[in-house]
Amino acid sequence: MGFIKEFKEFAMRGNLIDMAVGVVIGGAFGKIVSSIVADIVMPVVSILTGGYDFTKLKYVLKQAVMEGDKVVTPELALNYGSFIQVTLDFLIVAFAVFLVIKVINKIRRKKEAQPAAPAEDIVLLTEIRDLLKNEKR
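Residues numbered from 1 in each chain as written. Predicted model: local features only at pLDDT ≥ 70, side-chain atom pairs only at ≥ 80, totals over all residues. Heavy atoms only, no water.

K.L.:
What is the right way to look at the overall build of the protein in this model?
P.N.:
Assigned secondary structure in the protein consists of 4 helices and 4 strands. Traced from its N-terminal end to its C-terminal end, the protein shows the element sequence α-α-β-β-β-β-α-α. Since a compact globule built from 137 residues should have a radius of gyration of about 14 Å, the 30 Å found for the protein marks it as more spread out than a globular shape. Reported as C-alpha extents along the three principal axes, the dimensions of the protein are approximately 110 × 55 × 20 Å. When burial is assessed residue by residue, the protein has 7% of its 137 residues classed as buried. Counting only contacts in the protein whose residues sit at least 6 apart along the sequence, the fraction spanning at least 24 positions is 40%. Surface summary for the protein: the accessible area is close to 12000 Å², and the carbon and sulfur share equals 67%. Side chains of the protein carry 18 positive and 15 negative charges; the gap between the two charge centres is 5 Å. (Helix = DSSP H or I, 4+ residues; strand = E, 2+ residues; numbered from the N terminus. Rg over C-alpha atoms; globule rule 2.2 N^0.38 Å. Buried < 20%, exposed > 50% of the residue type's maximum accessible area, 1.4 Å probe, protein only. Contact = heavy atoms within 4.5 Å. Areas by Shrake-Rupley, 256 points an atom, 1.4 Å probe, with all protein chains shown as cover. Lys, Arg positive; Asp, Glu negative; His and termini not counted. Charge placed at Lys NZ, Arg CZ, Asp CG, Glu CD.)

And the structure:
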């Protein structure tokens, strides 16, 4: 019974749940970035390179073996064009995460630079103390 209780405590920690939510949102964000790269960036790059589709770039190691229209052995190739596209995906995601972290750190620094305002009861007690000091004079 102790093992199950320990696992439940581990699984229900706030940090673990936050991390799980982050993974799900990160996966969705990755799809958005992949779409941006495939549907927006790569066509522009293709225009700049004379209409070439990077995803079709490959180095064929072994040609496909065909019997008429039937593929007996599929082609063996290094698809470096897909690698270029995935690398662009990664760079865009990494840059976006960098920007988000940069903004978060800036907000944290601003918050840390501002002195914390004393609680209302402390302010009230300070005022009472000052009034008592003035009465004694």
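K.L.:
Sorry if this is basic, but what is going on with a positive patch on the surface here?
P.N.:
Residues Lys102, Lys106, Arg109 and Lys110 make up a contiguous surface patch of positive charge. As for its position among the elements, Lys102 is in helix H3 (residues 80-113). (Patch = residues over 30% accessible without salt bridge, like charges linked within 9 Å, V, L, I, M, F, W, Y side chains within 5 Å. Salt bridge = Lys/Arg side-chain N within 4 Å of Asp/Glu carboxyl O.)

K.L.:
Explanation requested: a nonpolar patch on the surface in the structure shown.
P.N.:
Where nonpolar side chains cluster on the molecular surface, the patch consists of Tyr59, Leu61, Leu76, Leu78, Tyr80 and Phe83 and spans about 670 Å² of accessible area. Elements supplying a minimum of two residues to the nonpolar patch: strand S1 (59-62), strand S4 (76-78) and H3. Locating Leu78 in the fold gives a position in strand S4.

K.L.:
Explain the environment of Ser46 to me, please; I cannot follow it from the model alone.
P.N.:
Along the chain, Ser46 turns up in helix H2 (residues 14-48). Beyond its immediate chain neighbours, meaning those up to four positions away, Ser46 contacts Gly51, Tyr52 and Asp53.

K.L.:
Sorry if this is basic, but what is going on with the pairing of strand S3 (residues 70-73) here?
P.N.:
A regular strand carries its side chains on alternate faces of the sheet. Note that strand S2 (residues 65-67) and S3 share 3 bridges and pair antiparallel. What sits directly across from Met66, in S3, is Val71. Joining the antiparallel neighbours S2 and S3 is a turn of 2 residues, in which Gly68 adopts a positive phi near 70°. (Pairing = 2+ DSSP bridges.)

K.L.:
What is the right way to look at the nonpolar core in this model?
P.N.:
The nonpolar side chains of a soluble globular protein tend to be buried with one another. Core analysis: the largest hydrophobic core is formed by 5 residues, namely Val33, Val37, Met42, Phe54 and Leu57. Ignoring any residue separated from it by four or fewer positions in sequence, one finds Met42 in contact with Val37, Phe54, Gln85 and Leu88. (Core = buried A, V, L, I, M, F, W, Y, C linked by side-chain atoms within 4.5 Å.)

K.L.:
Looking at this structure, I do not really get the pattern of salt bridges. What am I missing?
P.N.:
Note on pairing: side chains with opposite charge can pair once their charged atoms come close. Applying the stated criterion across every chain, the model contains 2 salt bridges. The closest approach of N and O atoms between Asp130 and Arg129, which form a salt bridge, is 3.1 Å.

K.L.:
Looking at this structure, I do not really get H3. What am I missing?
P.N.:
Three or four residues apart is the spacing at which side chains of an α-helix point the same way, because the helix has 3.6 residues per turn. Taking 1.5 Å as the rise per residue, H3 with 34 residues should run 50 Å; its terminal C-alpha atoms sit 48 Å apart, in good agreement. All of the buried residues along H3 are Gly81, Gln85, Asp89 and Ala96. (Expected span 1.5 Å × (residues − 1).)

K.L.:
When you look at the environment of Phe54 in this model, what are you seeing that I'm missing?
P.N.:
You can see Phe54 is positioned in the loop between H2 and S1. By relative accessible area, which is 16% here, Phe54 ends up buried. Sequence separation between Phe54 and Asp18 is 36 residues, and the spatial gap between their C-alpha atoms is 37 Å.

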